[in-house]
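Chain residues, written in single-letter form:
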Amino acid sequence: MKTTDQIAVIGAGLAGLTVARALSDAGHNVVVFDKGRGLGGRMASRRRDGWRFDHGAIALRPTDQAFAEFITQIEAEGFAAHWPDAGGWIGLPGMSGSVKSMAQSLTVHNEAEVTGLDRSGDTWTLHGVEHAQGVGFDRLILAIPQPQALRLLSPWPDVQAKIAPATVTPCWTLMAGFDAPLATKLTYANDMTGPIAVIARVTAKPDRDLPGDGGVIQAGEAWSRAHLERERKEVALLLLDAFFAAIDCPPVAPVISMAHRWRHALTEKPLGHACLNDPTLGLSICGDWCLGPTAQDAFNSGRSLATALLSE
């Protein structure tokens, strides 16, 4: 791969930013496109009326040296803090902060959803994005959930077939805030039974300045599938009832309540390869779903792809 190559990365989550950062540091021309309003993908934060909820990934838990070194680095830079209750680290000021240092000096276009792809000769063109109009890219990297990658790759069924074996699951998430402390000592739980899989009390996280008590409640896979097409307001009411039942606390009306549907939340069956790279086609693919369900899997997938590309 030549340093003069123009490289497009679709997806500004942890996998996409990991590979984009490594390529940029090696002198390559990289442009990142993401359909979301901010960085981080599912390492996301929702802000409203003084509240901040980490409604995607709850904590970063390193089990290998490379990811541990990354967390040590961002903690030293002030982008992460240890949260013992969850046995891991959180991003600052929200989970999306954990990738901010990666994006520094990168060209990142947010609210830029790529709706289609074309390849002519050795050049890729992207559709649906204003900043990509009239621009040809020598290399294309897809760092998006597997179902989204399958849709974009419909003109290339051979590539689709290679990533089709992976599967992902949905997750409904409720963000709820209360003007007074709840009558519970629970700060974090990920061993719940019933509709709820995870409860994270956002006011228990380090360095959080919020207007009241609040929590993120994530439904389990089976419940999320069964209620996937329900209206957000209906889901919010159902999960709020399940939340109070789970913590054995008298119901309290929230001052803020928002439900978010992650259609592609967690890896159910990983691809089994850290990444895919086709130099002939000028196409590469990475993401947590290549390896597993965690942020560390996303990081290692992006890191593996960067290694493969830089060795060409």
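Relevant structure appears above.
So, here is what we can say about the structure in this document. As the structure is a prediction and not an experimental result, all values here were calculated from the model.

**Here we look at the overall build of the chain**
Regarding its fold elements, the chain presents eight helices and 17 strands. For a compact globule of 312 residues, the expected C-alpha radius of gyration is about 20 Å, and the chain comes in at 20 Å, within 12% of that figure. Principal-axis analysis of the C-alpha atoms gives the chain an extent of 65 × 40 × 35 Å. Classification of the 312 residues of the chain by burial places 54% in the buried group. Sequence separation of at least 24 residues holds for 67% of the intrachain contacts in the chain that already meet a minimum separation of 6. For the chain, the computed accessible surface area is about 13,800 Å², with 49% contributed by carbon and sulfur atoms. Between the centroid of the 27 positive side chains of the chain and the centroid of its 33 negative side chains there is a distance of 3 Å.

**A word on the sheet that holds strand E11 (residues 167-178)**
Here five strands make up an open sheet; going across it, the order is E12-E13-E14-E11-E15 and the pairing antiparallel. Strand pairing shows two members of the sheet lacking a second neighbour, strand E12 (188-189) and strand E15 (256-269), which therefore form its edges. In this structure, E11 lies alongside strand E14 (residues 213-219), joined through six bridges in antiparallel fashion. If you follow glycine 177 over to E14, its bridge partner there is glycine 214. Sitting on the sheet, helix H7 (residues 232-246) touches E11, strand E13 (196-201), E14 and E15, and the angle it makes with E11 is about 75°.

**Re the packing of aromatic side chains**
Within the structure shown, the criterion is met by nine aromatic pairs. With 6.0 Å between their ring centres and 85° between their planes, phenylalanine 33 and phenylalanine 137 make a pair best called edge-to-face. One end of the pair, phenylalanine 33, is in strand E2 (residues 29-33); the other, phenylalanine 137, is in the loop between strand E9 (123-127) and strand E10 (139-142), and 104 residues separate them in sequence. This pair shows no difference in class: phenylalanine 33 is buried, exactly as phenylalanine 137 is. Where tryptophan 124 meets tryptophan 156, the ring centres are 5.1 Å apart and the plane angle is 55°; that geometry is what we call tilted. Here tryptophan 156 lies in the loop between helix H4 (146-152) and helix H5 (157-163) and tryptophan 124 lies in strand E9, a separation of 32 residues in the sequence. Of the residues examined, tryptophan 124 reaches a relative accessible area of 0% and is grouped as buried.

**A look at the pairing of E9**
Across the two faces of E9 the burial differs, with Trp124 and Leu126 buried and Thr123, Thr125 and His127 not buried at all. As paired strands, strand E8 (residues 116-120) and E9 are joined by five bridges and run antiparallel to one another. When the sheet's bridge partners are listed, leucine 117 is paired in E9 with leucine 126. Here E8 folds back onto E9 in antiparallel fashion, the turn holding two residues, of which glycine 121 has a positive phi close to 65°.

**Considering the packing of helix H1 (residues 14-25) against helix H8 (residues 295-310)**
Orientation of H1 relative to H8, taken along the N-to-C sense of each, is 30°, at an axis distance of 7 Å. As far as their axial angle goes, H8 and H1 are roughly parallel. Considering only the axes of H1 and H8, their crossing is right-handed. Between H1 and H8, the residues in contact are Leu14, Ala15, Thr18, Val19, Ala22 and Leu23 and Ala295, Ala298, Phe299, Gly302, Arg303, Leu305, Ala306, Leu309 and Leu310, respectively. The class makeup of the residues in the contact of H1 with H8 is twelve nonpolar, two polar and one charged.

**Comments concerning H7**
Here H7 contains 15 residues, and its C-alpha end-to-end distance of 20 Å stays within 8% of the 21 Å for a straight helix at 1.5 Å per residue. Listing the buried residues of H7 in full gives Val235, Ala236, Leu239, Leu240, Ala242, Phe243 and Phe244. Following H7 by one or two positions, aspartate 248 has its phi on the positive side, about 50°.

**Structural notes on the sheet that holds strand E16 (residues 276-278)**
Read across the sheet, six strands follow the order E7-E2-E1-E10-E17-E16 without closing on themselves; strand pairing throughout is mixed. Both outer strands of the open sheet, strand E7 (107-109) and E16, are each paired with one neighbouring strand and no more. Neighbour-to-neighbour, the strand axes of this sheet turn through a mean angle of 15°, independent of strand direction. In this structure, E16 lies alongside strand E17 (residues 283-285), joined through three bridges in antiparallel fashion.

**A few points about the side chain of aspartate 288**
Tracing the sequence through the fold places aspartate 288 in the loop between E17 and H8. Apart from residues no more than four positions distant in its own chain, aspartate 288 is found in contact with Arg42, Thr267, Pro293, Thr294, Asp297 and Ala298.

**Structural notes on the pairing of E10**
Of the two faces of E10, the one lined by Arg139 and Ile141 and the one lined by Leu140 and Leu142 are each fully buried. Relative to E10, strand E1 (residues 6-10) runs parallel, the two sharing four bridges. Looking across to E10, one finds that isoleucine 7 is bridged to arginine 139.

**Regarding the side chain of asparagine 300**
Inspection of the secondary structure puts asparagine 300 in helix H8. One polar contact links asparagine 300 to aspartate 64, side chain to side chain, over a distance of 2.7 Å.

Parameters at a glance
- For every chain, the first residue of the written sequence is number 1, and numbering continues from 1 along that sequence.
- Predicted model: local features are reported for residues with pLDDT of at least 70 only, side-chain atom pairs are reported and counted for 80 or more only, and whole-chain, interface and lining totals are derived from all residues.
- Side-chain measures were taken over the full set of non-hydrogen atoms in the model, leaving aside hydrogen atoms and water.
- Helix numbers and strand numbers start at the N terminus; a helix is a DSSP run of H or I with at least 4 residues, a strand a run of E with at least 2.
- Only C-alpha atoms enter the radius of gyration, while the globule expectation follows 2.2 Å times N to the 0.38, with N the number of residues.
- The buried label applies to any residue whose accessible area, calculated with a 1.4 Å probe on protein chains only, is under 20% of its type's maximum; exposed applies above 50%, and partly exposed to all values in between.
- We call two residues in contact whenever any of their non-hydrogen atoms come within 4.5 Å of each other.
- A 1.4 Å probe and the Shrake-Rupley method give the accessible areas. Residues count as covered only by the protein chains that appear here.
- Only four residue types enter the tally: Lys and Arg on the positive side, Asp and Glu on the negative side; His and the chain ends are excluded.
- Lys charges are placed at NZ, Arg charges at CZ, Asp charges at CG and Glu charges at CD.
- Two strands make a pair as long as DSSP finds a minimum of two bridges between them.
- Under this scheme, a helix contributes an axis fitted over its contacting stretch, all axes are lines through C-alpha atoms, and angles between N-to-C directions fall in the 0 to 180 degree range.
- Whether two aromatic rings pair depends on their centres lying within 6.5 Å, for rings of Phe, Tyr and Trp, where Trp uses its six-membered ring; planes under 30 degrees apart make the pair stacked, over 60 edge-to-face, and the rest tilted.
- Angular relationships are summarised with four words: roughly parallel below 35 degrees, roughly antiparallel beyond 145, roughly perpendicular across 65 to 115, and oblique for the angles in between.
- The handedness criterion is simple: a crossing whose near helix is rotated anticlockwise from the far helix by less than a right angle is left-handed, and one whose near helix is rotated clockwise is right-handed.
- Here the term charged refers only to Asp, Glu, Lys and Arg, the term nonpolar to Ala, Val, Leu, Ile, Met, Phe, Trp, Tyr, Cys and Pro, and the term polar to all other amino acids, Gly among them.
- Each residue after the first adds 1.5 Å to the expected span of a helix.
- Here a polar contact means two N or O atoms within 3.5 Å. Within protein one must be a hydrogen donor candidate and the other an acceptor candidate, and residues neighboring in sequence count only if both atoms are side-chain atoms.

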